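# Structural overview for review
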Amino acid sequence: MIRYLATAALVAASLLGGASPALALTSDTVHRGVTGCFSWSWKDGGALTTTVYYRNRCDTAHTLRVRWSSAASGNEDIKVGAGEKGSTWSFVSLKPLGFADLGRA
């Protein structure tokens with residue numbers, strides 16, 4: 001009986017538009033892309049910060065430029081070795097506006 005009531009409550013909540021916290025966390029959009037030698041990703045929904053993850057897919061070191069949405073953060077140039085991956089974040093910007101492979105480092 002308790003299982004039936006719990007299931008009925010979940011169905012009713014979903015029909016009335018209520019979302020559980022678990023569903024709300026998975027609805028954020030993940031952005032992925034490739035720019036030159038780099039693959040990158042970042043996720044919407046950061047309250048104060050945004051983290052960008054990147055990977056150099058080439059056999060030589062390259063420089064990745066991340067252009068942040070805030071003038072305070074500006075452009076960030078990151079030298080990344082061949083095959084290496086890493087992350088960077090901004091406290092001021094809620095999203096990156098663009099990425100560029102500046103070529104061999």
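Here, the structure is the one placed above.
Reading guide: rules and limits
Residues numbered from 1 in each chain as written. Predicted model: local features only at pLDDT ≥ 70, side-chain atom pairs only at ≥ 80, totals over all residues. Heavy atoms only, no water. Pairing = 2+ DSSP bridges. Helix = DSSP H or I, 4+ residues; strand = E, 2+ residues; numbered from the N terminus. Axes fitted to C-alpha atoms, helices over the stretch in contact; angles between N-to-C directions. Core = buried A, V, L, I, M, F, W, Y, C linked by side-chain atoms within 4.5 Å. Buried < 20%, exposed > 50% of the residue type's maximum accessible area, 1.4 Å probe, protein only. Contact = heavy atoms within 4.5 Å.

Turning our eyes to something else, we now look at the sheet that holds strand E2 (residues 38-43). Here four strands make up an open sheet; going across it, the order is E1-E2-E3-E6 and the pairing antiparallel. Whereas interior strands pair on both sides, the edge strands pair on one side only; in this sheet they are strand E1 (30-35) and strand E6 (85-90). Within the sheet, the average angular offset between the axes of one strand and its neighbour, ignoring direction, is 20 degrees.

Before going further, it helps to spend a moment on the nonpolar core. Judged by nonpolar contacts, Phe-38, Trp-40, Trp-42, Val-52, Tyr-54, Leu-64, Val-66, Trp-68, Ile-78, Val-80 and Phe-99 together constitute the single largest core of eleven residues. If you list the elements that add at least two residues to this core, you get E2, strand E3 (50-56), strand E4 (62-68) and strand E5 (75-80). If near-sequence neighbours (up to four positions away) are discounted, Val-80 is found in contact with Phe-38, Tyr-54, Asn-56, Ala-61 and His-62.

Relative to E5, E4 runs antiparallel, the two sharing six bridges. Paired with Leu-64 across the bridge in E5 is Ile-78. In textbook terms, the turn of a hairpin is the stretch between consecutive antiparallel strands, and for E4 and E5 this stretch comprises six residues, one of which, Gly-74, has a positive phi near 60 degrees.

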